Structures are given as structure tokens and as C-alpha cells.
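Next come the chains, spelled out residue by residue.
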Amino acid sequence: LKETIYLDYAATTPVDPRVVAAMQPYWTEVYGNSVSIHACGRTAAKGLEAARGQVAAVLGCHPTEIIFTSGGTESDNLAIRGIAWAARQARRGNHIITTSVEHHAVGHTVEQLRELFGFEVTIVPVDAHGWVDPDEIGRAIRDDTILVSVMYANNEVGTVQPLAAIGQITRAHDIPFHTDAVQAGGKLDLDVDRLQVDLLALSAHKFYGPKGVGVLYVRRETALLPALTGGGHEWGHRPGTVNVAGHVGLATALRLATEGQGSETARLTELRERLVGGVLARVPDARLAGHPTERLADNACFAFRGCDGEALLMGLDLAGIAASTGSACSTGDPAPSFVLTAMGLEPEWGIGSLRLTLGRWTTAAHVERVLGVLPGVVEQTRTLQEQG
Ligand SMILES: Cc1ncc(COP(=O)(O)O)c(C=O)c1O
């Protein structure tokens, strides 16, 4: 594993050793339950509240607007279901707006609300770059709209959405605006007032924190019912004994990533540009997928015509390169992902998608190695496919 060139940081990241060190005391020494009255509990609660304060500082919000959860999936579920159920309880409306490129944590949650609970849903389309036009969101708004959910940055193609422009519209209509910011954590501005969002989901394992730990920001006075029922933790929004060590890790990771954000963005953009330029120059029938400029610094997503993405990944894996694809082979018949399909990419191109995501330990030598290996692996994959 040591030899692997890891280019799958959008899937998950290694935990930064400084984050591990910050968490360490909370496993063994400060082990109290953060809601216990005694000194052990109070010490744990102090660590937890310090973590909450650090996260709130990055988001520019009040600490009581931060709910700790078990990750991005739970944060999205709590936001969407919580708003929908609160609206149902108050008989306020029945209509939800989202987009065609959301992560399943959002897409499937909205779909379940439609199917099982009778909510009406408008799925706003994206353009060929995976970008959402704020005017399309505006046009979809109805008198009974109770929620708009648009992701900050796409996990597959890295396109960054115009949240502030959308937020301006939702605010004018007094509709809660949720964003899945899981891919943006530690990489883009997270100030909730500048973004004009009312709910924002983050996940620690995408920014060098531990897995299974997340945050949901909820603007004060937003009506939200809990998706889980139980004790009164997290102001009743998220019952269950709180993972203090994990959230200390999340807060430390977010602080570190935010501190280094400017220089890391510049470094990764330069590496990404070298990678994109090199791949497009050396691999025939290749395209960049996603937005040419409005994209995450670390994301290089390609489409290779007539080249099975999964076979390509296996070839790269054999060469010691860990990457990801947006295509899936379910019945021996490769198919593009729903994201690439929503962007209008022809299946012939979409089946050959390759996502390379860079991160803190990516070097120029890694990029050179990929540029050396990838053209041959693509050619080999195409040849093997032709031979059938
Ligand atoms: C955009 C997006 N949303 C949500 C999630 C889910 O987050 P988690 O793995 O913390 O549940 C992911 C993870 O891949 C993601 O990329």
C-alpha cells in the first residue's frame, strides 16, 4: 500500500497526524459522557464545546447553530427530513426543490419523501458542465415550496454551484436553503452568511479528519424536527451519546484545513492544471468533465471515449494508482453515472470516466507518474474491449 499513488481524496482522506494527536486524550483520559454532571463528564463537555466553537468560527455562526452528527449522510438526512417533517407538522407546504446531480444522501432522501410521504419534488437540471442556473431555481419556486437543496461542490466532477446567488432568491421567498457542502469542507469559503444558506452539511473524513463524524449547521429559528428520537443531546436535534473524540478531531481538521486553504488551493490548482493539460495532450479522444473554471482545485475528471471506466481503474490499480470512476458496471454492461448522464454526456463517453482527486500528500512526481502510465492503460483497456 505504501507504494500506492493515492488520487482518490474525494472518496476519503487519511487522518492528519495532528488530528490524531488532538483526539488522543479523549479516548482514554477524558472519556466521560459529555452530558454527565460529574467532573469526568464536564471535562469532556468542555472539549466538545471548544470543538463546537472552532467549527462555528469557520462557518461564521453561533455555536448553538452547530449540530454534531455521524457524517455527511446523516447531516443531509437530518436537514431534509427535519425540514420536511416540520413543514408537514405546521401544514406549511409540500414542495421540495433539488437538482439532478446531488449525492444520494440528498437525492434518495428527497425521493423517499416523495414516494412514502407524498411530497412533491422538482428536480432542476444542470448544464453540460454540471452547473445549476440560479434562475432555474427561481422559476421552480412555488407558493408551497418548503425547501431548496443544492450541493456546494459535486463529488464526481467537482463543479462548484453559485450558492450565494441561489440563497438570495430563496431568502427573498423565505424558503429554507440547504447545501450539501461535504466536498467543499476545508476547500471553499464556508461562511454561511456570505453563502446565504440556512442549513449546511459537512463530513470530517473529507478534510483529513476521522470517518463517521459530521456537522449540520442550522440557522437559528429554522423549524427542524429530529430524524432520530431518543435523548436530549444536541438540543434534541440529534439524540445519542456524543462522539467527543471524533468531534474534537473534526474541529481540529477543519481548523487546519482552513488555515492552509489559500496556499493549498494554489498548489493543487497548479498540479491539477498540469495533470489536465498532460492527459488531454497525451490521451486521444479525451475530454475534461465538469466546469472548466468553477470547479474544485483538487478535481480532475475525464471522459475517455469507448473505454470502460472500471477496467481502466483496475489497470491503474495494477500500476499502483488509486483512482475512481463515475461509471458502473452492473450487468457486464458499463453505464455512465447519473451525474454524467444529467450533464448530457453521451454513453459512449460516459462509460470511460475517470476521477483523479488530489490532496495534501500529492506531489508533482505523482502527477508525472500518472501522465507516464495513463495513456498506455487507456490504450490497453480500449484494445482489450475491442477484442471483446
Ligand atoms: C457530496 C457528498 N455528500 C455526502 C456524502 C456522504 O458523506 P459521509 O460519507 O460522511 O456519509 C459524500 C461522501 O462521499 C459526498 O461526497
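The following paragraphs examine the structure supplied in this document. The shown structure was predicted, so the numbers you read here are calculated from the model rather than taken from an experiment.

Observations concerning the packing of helix α3 (residues 39-59) against helix α9 (residues 244-259)
Moving on, step 1. Taken N-terminus to C-terminus, the directions of α3 and α9 make an angle of 30°; their axes are 9 Å apart at the nearest point. Taken together, the axis directions place α3 and α9 in an arrangement best described as roughly parallel. Along this stretch, α3 crosses α9, giving a crossing that reads as left-handed. Counted together, A44, G47, L48, A51, Q54, V55, V58 and L59 of α3 and V244, H247, V248, L250, A251, T252, L254, R255 and T258 of α9 form the full contact between these two elements.

Quick word on the sheet that holds strand β6 (residues 177-180)
Moving on, step 1. Taken together, the 7 strands give an open sheet; going across it, the order is β2-β8-β7-β6-β5-β3-β4, and neighbouring strands pair in mixed fashion. This sheet does not close on itself; its edge strands, each paired only once, are β2 (66-69) and β4 (120-124). Ignoring strand direction, the axes of neighbouring strands in this sheet form an average angle of 20°.
Moving on, step 2. As paired elements, strand β3 (residues 95-99) and strand β5 (residues 145-149) share 3 bridges and run parallel to each other. From the neighbouring strand, I97 faces β5, where its bridge partner is V148.
Moving on, step 3. Helix α7 (residues 163-172) contacts β5 and β6 of the sheet and is inclined by roughly 160° relative to β6.
Moving on, step 4. Contacting β2, β7 (199-203) and β8 (214-218), α9 runs over the sheet at an angle of about 75° to β8.

A look at the site of the ligand
Moving on, step 1. Around the ligand, the structure places 13 residues, and the nearest of them are G72, T73, D180, S203 and K206.
Moving on, step 2. In the model, an oxygen atom of the ligand is placed 2.8 Å from a nitrogen or oxygen of the G72 main chain.
Moving on, step 3. S203 places a polar side-chain atom, nitrogen or oxygen, 2.6 Å from an oxygen atom of the ligand.
Moving on, step 4. Considering the ligand on its own, with 390 Å² of exposed area, one finds that the protein chains cover 84% of that surface.
Moving on, step 5. Here the shell around the ligand gets 3 residues from one element, more than from any other, and that element is helix α4 (residues 72-89).
Moving on, step 6. Counted by class, the shell around the ligand contains 2 nonpolar, 8 polar and 3 charged residues.

Some details on the side chain of S149
Moving on, step 1. For S149, the location among the structural elements is in strand β5.
Moving on, step 2. Under the relative-accessibility criterion, S149 is labelled buried at 0%.
Moving on, step 3. Discounting chain neighbours no more than four positions away, the residues touching S149 are I80, I97, T98, T99, E102, V106 and H178.

Let's talk about α7
Moving on, step 1. Looking at α7, one finds that the buried residues are L163, I166, G167, I169 and T170. Axial view of α7: buried residues confined to an arc of 160°, hence all on one face. Residues of α7 that are exposed and point over 90 degrees away from its buried face: Q168 and A172.
Moving on, step 2. Elements that come into contact with the buried residues of α7 comprise α6 (134-140), β5, β6 and α8 (192-195).
Moving on, step 3. Where α7 terminates, the next one or two residues include D174, which has phi positive at roughly 60°.

Examining the environment of M343
Moving on, step 1. By secondary structure assignment, the location of M343 is in the loop between α12 (338-342) and α13 (347-350).
Moving on, step 2. Through-space distance from the C-alpha of M343 to that of W131 is 8.6 Å; in sequence the pair is 212 residues apart.
Moving on, step 3. Once you skip the residues sitting within four places of it in the chain, M343 turns out to touch V126, D127, A128, H129, G130, V157 and G290.

What to know about unusual backbone geometry
Moving on, step 1. Positive phi, normally seen in glycine, also occurs at D174, with a value near 60°.
Moving on, step 2. By the element assignment, D174 lies in the loop between α7 and β6.
Moving on, step 3. Positive phi values are uncommon outside glycine, yet E221 reaches one of about 70°.
Moving on, step 4. Position of E221 among the secondary structure elements: in the loop between β8 and α9.

What to know about the packing of aromatic side chains
Moving on, step 1. Within the structure shown, the criterion is met by 5 aromatic pairs.
Moving on, step 2. Residues Y9 and Y208 carry aromatic rings whose centres are separated by 6.2 Å and whose planes lie at 55° to one another, so their mutual orientation is tilted. Here Y208 lies in the loop between β7 and β8 and Y9 lies in the loop between β1 (5-6) and α1 (17-23), a separation of 199 residues in the sequence. Taken individually, Y9 and Y208 each receive the classification buried, so the pair is uniform in this respect.
Moving on, step 3. Seen from their ring centres, Y208 and W361 are 5.6 Å apart, and the 75° between their planes marks the pair as edge-to-face. One end of the pair, Y208, is in the loop between β7 and β8; the other, W361, is in the loop between β14 (353-357) and α14 (364-387), and 153 residues separate them in sequence.
Moving on, step 4. Overall, Y208 belongs to the buried group, its relative accessible area being 10%.
Moving on, step 5. Three or more aromatic residues joined by ring pairs form one cluster here, namely Y6, Y9, Y208 and W361.
Moving on, step 6. Sitting over the face of the ring of W349, R287 holds its NZ or CZ atom 3.9 Å from the ring centroid.
Moving on, step 7. Geometry around Y208 places R360 over its ring, the cationic atom sitting 3.9 Å from the centre.

Rules of the game
Residues numbered from 1 in each chain as written. Predicted model: local features only at pLDDT ≥ 70, side-chain atom pairs only at ≥ 80, totals over all residues. Heavy atoms only, no water. Axes fitted to C-alpha atoms, helices over the stretch in contact; angles between N-to-C directions. Helix = DSSP H or I, 4+ residues; strand = E, 2+ residues; numbered from the N terminus. Parallel < 35°, antiparallel > 145°, perpendicular 65-115°, else oblique. Left-handed = near helix turned anticlockwise from the far one by under 90°. Contact = heavy atoms within 4.5 Å. Pairing = 2+ DSSP bridges. Near = heavy atom within 4 Å. Polar contact = N/O pair within 3.5 Å; in protein donor to acceptor, adjacent residues only side chain to side chain. Areas by Shrake-Rupley, 256 points an atom, 1.4 Å probe, with all protein chains shown as cover. Nonpolar A, V, L, I, M, F, W, Y, C, P; charged D, E, K, R; others polar. Buried < 20%, exposed > 50% of the residue type's maximum accessible area, 1.4 Å probe, protein only. Arc of directions from axis to C-beta. Phe/Tyr/Trp six-rings, centres within 6.5 Å; stacked < 30°, edge-to-face > 60°. Lys NZ or Arg CZ within 6 Å of the ring centre and 35° of its normal.

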